[in-house]
Amino acid sequence: MDDRDLITYAQQGDRQAFTELVCRHQGSIVSLTYRMCGDLRLAEDAAQEAFVRVWQNLNSYKPKYAFRSWLYRIATNAALDSLRRERPTAELDSLSLADLGTTPEQSVEENQRAAHVRRAIAQLSEPLRVVLILREYQELTYQEIADTLDIPVGTVMSRLNTARVQLRHELLVLSEET
Amino acid sequence: MNPHLSELLPAYHDGELTSNRQRQVEKHLQDCPTCRAELKALEELSSLLKADFVPDPTPPERFAAQVQLRLPRASLSRTHQREGQPPRWVLGVPLALIIVWAFLQAALTVTAFILTTDQVLGQPVAFFDSWIPTEGLFQTIASLLIFNTILLMGTTILWSAWMALWLAWNKNQNESSIKGGVT
């Protein structure tokens, strides 16, 4: 059964179909919200909130649009809301490396490099960060990013270029600091 | 002079160029060390970003169960039905029209009863003299019927106008699409 069938069933009130949708997309959505938030607990909370919003608005979803774009858009907004709620006054660059989390599989050096990357991403403005994440991690095409964020493809390209330039600069600064 | 293709390199790196443009960039890259270095920098940045893995998330089944717990308590169909319905005031106005119509209809019936009784008893009521003929039973009943018809027609016209507005609103709601629910 493909996503479209599951959505149709879920729109009629089938909770099992909705659960199947959640299981299918959980990985990509948590990955997206994790890249946005830089913290797994926050990311999973935002992902769950995104799925609740999907459930509440299933009737407004039109099959002519890609479900993934619709879902990513809701998840992006949920992640941003979550970040604003959790850290309303904190400056992103004040986050310590420990805050940004590490994985046991990575070596100390890799962990430090990964933390640098997350910190550099966190320093990007929201519009730049979202476009960069959707392209680099979620591997969406320019058109899919444009559909997801409801912006022109040209804006996607310019934001992506700016994000990459700023990210390289931030990474250079961070590597010089350590 | 070898003009650089810096503006095309990100799209080339992302696989977003048309085949013609792609060939153009590939040809250019063979002769331009500056653009090759620029492309390499883009590739290194992507590799660096992708080297950072997402920690193991909650297993899908458990995650889905947690989502279920956060869903509104009302059954899905009822929740969706409520979302598909118009605001209460949209239904409230026709309801108010019915109540007003029923009240006026009742008042008219009582008036008719009093007048016709008075006519039968031969005691016209002065209060009604100015707006309903009270001198003949047939004339009185005819006037009351005209009043009644005007009242019914007025209510029907108002009701129809309101239903037309509601249908237009409903159509508009159905056309709202991908933006729905997104903050």
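As the structure is a computational prediction, the values presented were derived from the model and not from experiment.

Undergrad: Give me the overall build of chain A: which residues, what numbers.
TA: When you go through chain A residue by residue, the secondary structure sums to eight helices and zero strands. Ordered by position from the N terminus, the helices and strands of chain A form the series α-α-α-α-α-α-α-α. The buried share among the 178 residues of chain A stands at 46%. A separation of at least 24 residues holds for 64% of the contacts in chain A among residues at least 6 apart in sequence.

Undergrad: Residue-level account of the interface of chain B and chain A, with values.
TA: With 38 residues of chain B at the contact, the number on the chain A side is 44 residues. In terms of residue count, helix H4 (residues 60-70) of chain B provides more of the side of chain B that touches chain A than any other element does, eight residues in total. Grouping the amino acids of the side of chain B that touches chain A by side-chain chemistry returns 19 nonpolar, 13 polar and six charged.

Undergrad: Kindly report on the confidence of the model for chain B, identifying the contributing residues and their values.
TA: All names here are of chain B. The predicted model of chain B has a mean per-residue pLDDT of 77, with 70% of residues at 70 or higher. Within chain B, the lowest mean pLDDT, 49, falls on helix H5 (residues 76-84), and the highest, 95, falls on helix H1 (residues 9-13). Ignoring residues within four places in sequence, the model shows residues 75-79, a span with pLDDT below 50, making six contacts including any to other chains. Scored as a complex, the prediction yields pTM 0.65 and ipTM 0.81.

Undergrad: Hey, could you go over the confidence of the model for chain A for me, with residue numbers and the actual values?
TA: Residue and element names in this part refer to chain A. Within chain A, residue pLDDT values average 86, and 88% of them lie at 70 or more. Mean pLDDT in chain A bottoms out at helix H5 (residues 108-123), which sits at 84, and peaks at helix H6 (residues 126-136), which reaches 95. Overall, residues 89-100 carries pLDDT values under 50, and its contacts beyond four positions in sequence, including any with other chains, amount to twelve contacts.

Undergrad: Any details on the nonpolar core? Residues and values, ideally.
TA: All names here are of chain A. Residues Ala50, Ala75, Val131 and Leu132 are the most contacted members of the largest nonpolar core, which totals 57 residues. No other element matches the nine residues that helix H2 (residues 15-37) contributes to this core. Built from parts of two domains, this core gets at least three residues from each of domain 1 (1-90) and domain 2 (101-178). Apart from the residues lying within four places of it in its own chain, the contact partners of Val131 are Ile145, Val156, Arg159, Leu160 and Ala163.

Undergrad: Which residues make up unusual backbone geometry, and what values go with them?
TA: All names here are of chain A. Positive phi, close to 55°, is recorded for Glu139, a residue that is not glycine. Within the element layout of this structure, Glu139 appears in the loop between H6 and helix H7 (142-149). For Glu139, a count of 12 C-beta atoms within 10 Å corresponds to the exposed category. Phi at Asp150 is positive, roughly 55°, even though this residue is not glycine. Structurally, Asp150 can be placed in the loop between H7 and helix H8 (153-177). For Asp150, a count of 11 C-beta atoms within 10 Å puts it in the exposed group.

Undergrad: Break down H2 of chain A for me, with residues and values.
TA: All names here are of chain A. With 23 residues, H2 extends just 29 Å between its outermost C-alpha atoms, more than 12% less than the 33 Å of an ideal straight helix rising 1.5 Å per residue. The sharpest bend along H2 measures roughly 55° and falls at Gln26. Immediately downstream of H2, the backbone of Gly38 shows phi near 75°, a positive value.

Each value, and the rule that gives it
- Residue numbers here run from 1 along each chain, matching the order of that chain's written sequence.
- By the order in which they are written, chains take letters starting at A while ligands take numbers starting at 1.
- Predicted model: local features are reported for residues with pLDDT of at least 70 only, side-chain atom pairs are reported and counted for 80 or more only, and whole-chain, interface and lining totals are derived from all residues.
- Only DSSP runs of H or I covering at least 4 residues are called helices, and only runs of E covering at least 2 are called strands; the numbering of each starts at the N terminus.
- Exposure criterion: with C-beta atoms placed from backbone coordinates, a residue whose C-beta has 20 or more other C-beta atoms within 10 Å is buried, one with 12 or fewer is exposed, and one in between is partly exposed.
- Once C-beta atoms have been placed from the backbone, residue pairs whose C-beta atoms lie within 7 Å are recorded as contacts.
- Three classes are used: nonpolar for Ala, Val, Leu, Ile, Met, Phe, Trp, Tyr, Cys and Pro, charged for Asp, Glu, Lys and Arg, and polar for all others, with Gly counted as polar.
- pLDDT gives the predictor's per-residue confidence on a scale running from 0 to 100.
- Put simply, a nonpolar core is a cluster of buried Ala, Val, Leu, Ile, Met, Phe, Trp, Tyr and Cys residues tied together by C-beta atoms within 7 Å.
- Boundaries between domains were set according to an automatic or database domain assignment.
- Working rule for helices: expected span equals 1.5 Å times residues minus one.
- The seven residues ending at a residue and the seven starting there each receive a fitted axis; the angle between those axes is the bend at that residue.

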